Amino acid sequence: MEKISRTKITDLLKSDAFGTTVNVKGWVRTRRGSKQINFIALNDGSTIHNLQIVVDIEKFGEDFLKPITTGACISVNGTLTASQGSGQKVEIQASEIEIYGTADPATYPLQKKGHSMEFLREIAHLRPRTNTFGAVFRIRHNMAIAIHKFFHERGFFYFHTPIITASDCEGAGQMFQVTTLNLYDLKKDENGSIVYDNDFFGKQASLTVSGQLEGELAAMALGAIYTFGPTFRAENSNTPRHLAEFWMIEPEVAFYEIEENMQLAEDFIKYCLQWALDNCMDDIQFLNDMFDKELINRIKFVLADKFVRLPYTEGIRILEEAVAKGRKFEFPIFWGADLAAEHERYLVEEHFKRPVILTDYPKEIKSFYMKQNDDKKTVRAMDVLFPKIGEIIGGSQREEDYEKLRTRAKEMGVPDKDIWWYLDTRRFGTAPHSGFGLGFERLLLFVTGMSNIRDVIPFPRTPKNAEF
Ligand code: 4AD
Ligand code: MG
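Things to note about the sheet that holds strand S2 (residues 37-43)
Then, number 1: Read once around its circumference, the closed barrel built from five strands follows the order S1-S2-S3-S5-S4, with strand pairing classed as mixed. Direction aside, the axes of adjacent strands within the sheet are offset by 55 degrees on average.
Then, number 2: In this structure, strand S3 (residues 51-56) lies alongside strand S5 (residues 90-101), joined through three bridges in parallel fashion. Opposite Val54, over in S5, you have Gln93 as the bridge partner.

What follows is the structure, given as structure tokens:
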């Protein structure tokens, strides 16, 4: 076969260089046609759209074409022509075809008919080849780019925080331990506690639940930073919104108070959503048509209005009022309760009909590092609540007072010896500062309209599931 450099399908579909000979490579979605002529729908992942390859059967022979079935990988040389058929602008009249790899229809699991999302999760190694997951993963990439652009353009520095850590940032005891100790022969002290002296790090270590604590160290030097990396939580919640391994973006800004932090969060999410509309419309349109006819409207709707800013206490009052008027919730609502997704969604979808930033939560249900309000009951927390998702961002202004922070950490069972270095930022040149964490997959749920978080990350990690 003549060697011609490859053109991506996304570029060919925009081309009008009719008559030129080109090469395309990709995976066969379908092959159909008559005794004389076949049409191969080829996809190379560069776009949701397939390229039509027109094949003269006599020229290639039935036997040669036989293994070109759904899933096979081929390289095609041919002439770019204006398409006669409807549905596409260009097609390729094949002159040479090389078969790279076949996919036996008897065993290849991805035949052309629609598959359930549950089934596709069982073949997560192949699901990127479907239209749906191609779209989702292209959008995922684009959102990552948008995030870096947003912060870079505003002078934030991308700061890499460690993945292995000895401190539990959220203090929720949901960490995966990292050890090289022989689990069959653990040394224990007289109290029955495991002795870590001989472990790799000489102390108990885990996978991080958040890069925030180290991010704060950086913000107190570089001014404004963000992290973007994997985080791990051993929370045994088998819900469509929780992963054991998820990606989080955590900006942290010196001199920001909670109001500026809220504005940053709102601007940030809106920038990402606008980016998706501007750069991923083919994929979003596909997902809109396939799964969720309201997807595009919902994205535009969030872009249109200012997010509501609402103190927790007000939120509880609204929810209690709803209950009094007969609205039923599964979980009880009272001042001091942590909101369930159903409560968050009530406020956003039914009451305000736009995203809500809920602030000033009771200190008992939030982490030790949040700035304490003068009322001694609440902290300067801010959760951004979204339609369909519930909490998409969690953040706060940070407690900058050394004694207050240290006392609160102690009360919440975070020992000095684990966070002495974090406390040092409040001993040396402390300053007001704030930050938040956006769950990357929660953002993707919103942008793609997928209903399960397992379907917006390539290889989900959830309870009892670490395949692939
Ligand atoms: O509210 P969280 O726990 O906040 C923090 O971790 C802070 N350290 C952030 C900060 O202030 N720098 O988590 C932040 C966000 C949540 O709002 C949610 O979007 C996402 O992370 N998240 C999860 N996403 C998927 N699976 C899970 N198990 C998640 N837990 C939290
Ligand atoms: Mg939270």
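Focus: the sheet that holds strand S9 (residues 205-207)
Then, number 1: Strands sit in the order S7-S9-S8 across an open sheet of three strands; the sheet is antiparallel. Looking at strand neighbours, the two that pair on one side only are strand S7 (164-165) and strand S8 (177-178), the edges of this open sheet.
Then, number 2: Here S8 runs beside S9; their pairing, made up of two bridges, is antiparallel. Paired with Gln177 across the two strands is Ser206, which belongs to S9.

Side note on a nonpolar patch on the surface
Then, number 1: On the surface, a cluster of nonpolar side chains totalling about 390 Å² of accessible area is made up of Ile163, Ile164, Phe200 and Phe201.
Then, number 2: Structurally, the position occupied by Phe200 is in the loop between S8 and S9.

Notes on helix H11 (residues 341-352)
Then, number 1: Across its 12 residues, H11 extends 15 Å between first and last C-alpha, which sits within 8% of the 16 Å expected from 1.5 Å per residue.
Then, number 2: Turning to H11, its buried residues are His343, Glu344, Tyr346, Leu347 and Val348.
Then, number 3: As for H11, its buried residues are in contact with helix H10 (312-324), strand S13 (356-362), strand S14 (378-386) and strand S15 (390-397).
Then, number 4: Directly beyond the C-terminal end of H11, a positive phi value near 60 degrees is found at Lys353.

A few points about the site of ligand 1
Then, number 1: The local shell around ligand 1 holds 24 residues, among which Glu170, Gln212, Glu235, Glu250 and Glu391 are the closest.
Then, number 2: Computed on the free molecule, ligand 1 has an accessible area of 620 Å², of which 94% lies beneath the protein chains in the complex.
Then, number 3: Breaking the shell around ligand 1 down by element, the ones donating at least two residues are strand S11 (245-254), S15 and strand S16 (433-439).
Then, number 4: At five residues, S15 tops the list of elements feeding residues into the shell around ligand 1.
Then, number 5: The residue makeup of the shell around ligand 1, split by class, is eight nonpolar, eight polar and eight charged.

Thoughts on the side chain of Asn77
Then, number 1: Relative to the helices and strands, Asn77 resides in strand S4 (residues 73-82).
Then, number 2: Only 2.8 Å separates the side chain of Asn77 from the backbone oxygen of Glu2, close enough to count as a polar contact.
Then, number 3: Not counting chain neighbours up to four residues away, the residues in contact with Asn77 comprise Met1, Glu2, Ile4, Val22, Asn23, Gln93, Ala94, Ser95 and Glu96.

Comments concerning unusual backbone geometry
Then, number 1: The phi dihedral of Asp360 is positive, around 55 degrees, even though this residue is not glycine.
Then, number 2: A positive phi angle, close to 70 degrees, is found at Lys388, a residue other than glycine.
Then, number 3: Note that Lys388 resides in the loop between S14 and S15.

Comments concerning the state of the cysteines
Note on terminology: a disulfide is the covalent bond linking the sulfur atoms of two cysteines.
Then, number 1: Counted according to the given criterion, the structure contains zero disulfides.
Then, number 2: The cysteine Cys280 is free of any disulfide, with Cys272 supplying the nearest cysteine sulfur at 11 Å.
Then, number 3: Here Cys280 falls in the buried class, since its relative accessible area comes to 3%.

Brief notes about the pattern of salt bridges
Then, number 1: Evaluation of the coordinates by the stated rule reveals 27 salt bridges.
Then, number 2: Here Arg327 makes a salt bridge to Glu350, at a shortest N to O gap of 2.6 Å. Taken together, the positions of Arg327 in the loop between H10 and H11 and Glu350 in helix H11 put the pair 23 residues apart, joining distant regions of the chain.
Then, number 3: Judged by relative accessible area, which is 39%, Glu350 ranks as partly exposed.
Then, number 4: A single network of salt bridges, built from pairs that share partners, joins Glu216, Glu252, Arg398 and Arg426.

Let's talk about the packing of helix H5 (residues 131-153) against helix H7 (residues 258-279)
Then, number 1: Between H5 and H7, the least distance of the axes is 9 Å, while the angle of their chain directions is 135 degrees. Here H7 runs oblique to H5, going by the angle between their axes. H7 is crossed by H5, and the crossing has right-handed handedness. Touching Asn142, Met143, Ile145, Ala146, Ile147, Lys149, Phe150, Phe151 and Glu153 of H5 are Leu264, Asp267, Phe268, Tyr271, Cys272, Trp275, Ala276 and Asn279, all from H7.
Then, number 2: Of the residues contributing to the contact of H5 with H7, the split by class is 12 nonpolar, two polar and three charged.

Rules used throughout
Residues numbered from 1 in each chain as written. Chains lettered and ligands numbered in written order. Predicted model: local features only at pLDDT ≥ 70, side-chain atom pairs only at ≥ 80, totals over all residues. Heavy atoms only, no water. Pairing = 2+ DSSP bridges. Helix = DSSP H or I, 4+ residues; strand = E, 2+ residues; numbered from the N terminus. Axes fitted to C-alpha atoms, helices over the stretch in contact; angles between N-to-C directions. Patch = residues over 30% accessible without salt bridge, like charges linked within 9 Å, V, L, I, M, F, W, Y side chains within 5 Å. Areas by Shrake-Rupley, 256 points an atom, 1.4 Å probe, with all protein chains shown as cover. Salt bridge = Lys/Arg side-chain N within 4 Å of Asp/Glu carboxyl O. Expected span 1.5 Å × (residues − 1). Buried < 20%, exposed > 50% of the residue type's maximum accessible area, 1.4 Å probe, protein only. Contact = heavy atoms within 4.5 Å. Near = heavy atom within 4 Å. Nonpolar A, V, L, I, M, F, W, Y, C, P; charged D, E, K, R; others polar. Polar contact = N/O pair within 3.5 Å; in protein donor to acceptor, adjacent residues only side chain to side chain. Disulfide = S-S within 2.5 Å. Parallel < 35°, antiparallel > 145°, perpendicular 65-115°, else oblique. Left-handed = near helix turned anticlockwise from the far one by under 90°.

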